[in-house]
Amino acid sequence: NAGVTQTPKFQVLKTGQSMTLQCAQDMNHEYMSWYRQDPGMGLRLIHYSVGAGITDQGEVPNGYNVSRSTTEDFPLRLLSAAPSQTSVYFCASSSGRDSAGGYTFGSGTRLTIV
Amino acid sequence: GENVEQHPSTLSVQEGDSAVIKCTYSDSASNYFPWYKQELGKGPQLIIDIRSNVGEKKDQRIAVTLNKTAKHFSLHITETQPEDSAVYFCAASISNFGNEKLTFGTGTRLTIIP
């Protein structure tokens, strides 16, 4: 039982490049979210999904796209990377049943835009 | 939207003493309040949570209290140990049968002094 798996763990991108951060969970959780963590700002919600085929914007969605074609996977896409997107990104999942057990977070992707 | 403030940002306590971290929230409709512990290089891990129909919840050395009228909640760690050193985040959300969009505080770095 792997929980929430994020890849890659580290990535350096040049400004303007695109990439996809991968997130997969094997707990059959309905709810999945992406957060970014910046020093002194806690974790901020980027996008979230309440089930396959359903996504919605969080607090800081600009510059990011998501899709949820399967229950297991929730990739985060940066279409044209900007230095302001340098951050640590966390994917999280929850069963969605009255939040039993709360959210399970992945180990994060540290992304640097140069 | 919801705003969560967390204090203090750093806290140092002697091993064996108690530690208290406080959070306030702005949206009176929020009804789910989890606490997460984040160790260096890892994702946040849920340590305890409370719902608005409960005033206090305990789990061994950890307790959380909630004051709905004042819109604040606190994390209490007793008999602190070196392994309690980490960054702690509070969060709040409106729980609609699991449809949580967590708003996090900015974190408290807790250091236990041996």
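All residue numbers refer to position in the chain's written sequence, counted from 1. Each chain is given a letter, starting from A, and each ligand a number, starting from 1, according to the order in which they appear as written. Given that the model is predicted, a residue must reach a pLDDT of at least 70 before its local features are reported, and side-chain atom pairs must reach 80 or more before they are shown or counted; all residues, however, enter totals for whole chains, interfaces and linings. Based on all heavy atoms of the structure, the side-chain values leave hydrogens and waters out of the count.

**Q** Explanation requested: the overall build of chain B in the structure shown.
**A** Helix and strand assignments follow DSSP, with helices taken as H or I runs no shorter than four residues and strands as E runs no shorter than two, numbered in order from the N terminus. Within chain B, the secondary structure is distributed over zero helices and 11 strands. Its helices and strands taken in sequence order, chain B reads β-β-β-β-β-β-β-β-β-β-β from the N to the C terminus. Taking 114 residues into account, the globule formula puts the C-alpha radius of gyration at 13 Å, and chain B, at 14 Å, falls close to it. Over its C-alpha atoms, taken along the principal directions, chain B stretches across nearly 40 × 30 × 20 Å. Categorising residues by exposure relies on relative accessible area from a 1.4 Å probe, with only protein chains included: less than 20% of the type maximum marks a residue as buried, more than 50% marks it as exposed, and the intermediate range marks it as partly exposed. By residue count, 45% of the 114 residues in chain B fall in the buried class. For this measure, only C-alpha atoms enter the radius of gyration; the expected value for a globule follows 2.2 Å times N^0.38, where N is the number of residues.

**Q** Quick question: what am I supposed to make of the overall build of chain A here?
**A** Each helix and strand in chain A was counted, giving zero helices and 11 strands. Helices and strands in chain A line up, N terminus first, as β-β-β-β-β-β-β-β-β-β-β. For 114 residues, the compact-globule estimate of 2.2 N^0.38 gives 13 Å, and the C-alpha radius of gyration of chain A, at 13 Å, lies within 12% of that figure. Principal-axis analysis of the C-alpha atoms gives chain A an extent of 40 × 30 × 25 Å. By residue count, 50% of the 114 residues in chain A fall in the buried class. Note on contacts: a residue pair is in contact if any heavy atoms of the two residues lie within 4.5 Å. Long-range pairs, those at least 24 residues apart, make up 54% of the contacts in chain A between residues at least 6 apart in sequence. Only the protein chains shown count as cover for residues, and the accessible areas themselves come from Shrake-Rupley with a 1.4 Å probe. About 5100 Å² of surface is accessible on chain A, with carbon and sulfur atoms providing 50% of the total. For chain A, the distance from the average site of its 8 positive side-chain charges to the average site of its 8 negative ones is 11 Å. The charge count includes Lys and Arg as positive and Asp and Glu as negative, but it does not include His or the ends of the chains. Just so you know, the charge point we use is NZ for Lys, CZ for Arg, CG for Asp and CD for Glu.

**Q** Explain the nonpolar core here, please?
**A** Soluble globular proteins tend to bury their nonpolar side chains together. As used in this record, nonpolar core signifies buried Ala, Val, Leu, Ile, Met, Phe, Trp, Tyr and Cys residues forming a set joined through side-chain atoms within 4.5 Å. Residues W35(B), F73(B), L75(B), Y88(B) and L110(B) are the most contacted members of the largest nonpolar core, which totals 24 residues. If you look at the next biggest cluster of nonpolar residues, it comprises 19 residues, including C23(A), Y64(A), V66(A) and L111(A).

**Q** What's the story with the sheet that holds strand β3 (residues 19–25) of chain A in this structure? I'm lost.
**A** For sheets, the rule is that strands pair by backbone hydrogen bonds, running either parallel or antiparallel. All names here are of chain A. If DSSP finds at least two bridges between two strands, the strands pair. Read across the sheet, four strands follow the order β1-β3-β8-β7 without closing on themselves; strand pairing throughout is antiparallel. Each edge of the open sheet is held by one strand with a lone partner, namely β1 (4–7) and β7 (64–66). Averaged over all pairs of adjacent strands, the angle between their axes in this sheet comes to 20°, without regard to strand direction. Bridge count between β1 and β3: four bridges; the pairing is antiparallel. Residue Q6 lies in a different strand from β3, and its bridge partner there is C23. In this analysis, axes come from line fits to C-alpha atoms, helices being fitted only over the stretch in contact, and the angle between any two N-to-C directions falls in the range 0 to 180 degrees.

**Q** When you look at the interface of chain A and chain B in this model, what are you seeing that I'm missing?
**A** You'll often see interface size given as the accessible area lost when the parts meet. Every contact between the two is made by 21 residues of chain A and, on the other side, 20 residues of chain B. Summed over both partners, the interface of chain A with chain B buries about 1600 Å², with 53% contributed by carbon and sulfur atoms. Here a salt bridge means any side-chain nitrogen of Lys or Arg lying within 4 Å of a carboxyl oxygen belonging to Asp or Glu. Run the count over chain A and chain B and you get zero salt bridges. Counting of polar contacts relies on pairs of N or O atoms within 3.5 Å, with two restrictions inside protein: one atom must be capable of donating a hydrogen and the other of accepting it, and residues adjacent in sequence are counted only when both atoms are side-chain atoms. Inspection of the region where chain A meets chain B yields three residue pairs in polar contact (both at pLDDT 80 or more). In short, buried area is how much 1.4 Å probe accessible area vanishes from two parts on joining, totalled over both.

**Q** Where do I start with the packing of aromatic side chains in this structure?
**A** Any aromatic ring pair is given by two values, namely how distant the centres are and how the planes are angled relative to each other. Ring pairs shown here join Phe, Tyr and Trp side chains whose ring centres sit within 6.5 Å, with only the six-membered ring taken for Trp; geometry is labelled stacked below 30 degrees between planes, edge-to-face above 60, and tilted in between. Applying the stated criterion across every chain yields a total of 12 aromatic pairs over all chains. Between F33(B) and F73(B), the aromatic rings sit 4.9 Å apart at their centres with planes inclined by 50°, giving tilted as the arrangement. Taken together, the positions of F33(B) in strand β4 (residues 32–38) and F73(B) in strand β8 (residues 72–77) put the pair 40 residues apart, joining distant regions of the chain. Connected via pairs of aromatic rings, a cluster forms that spans Y35(A), F90(A), F105(A), Y36(B), F89(B) and F104(B). Any Lys NZ or Arg CZ found within 6 Å of a ring centre and within 35 degrees of that ring's normal is scored as a charge over the ring. Sitting over the face of the ring of F74(A), R68(A) holds its NZ or CZ atom 5.9 Å from the ring centroid.

**Q** Could you clarify how one ought to interpret the sheet that holds β8(B) in this entry?
**A** All names here are of chain B. Read across the open sheet, the five strands follow the order β1-β3-β8-β7-β6; overall the sheet is antiparallel. The outermost strands of the open sheet, each flanked by one partner alone, are β1 (4–7) and β6 (56–59). Pairs of neighbouring strands in the sheet enclose a mean axial angle of 15°, with direction left out of account. Across six bridges, strand β7 (residues 62–67) lies against β8 in antiparallel orientation. In the strand pairing of β8, L66 is matched with F73.

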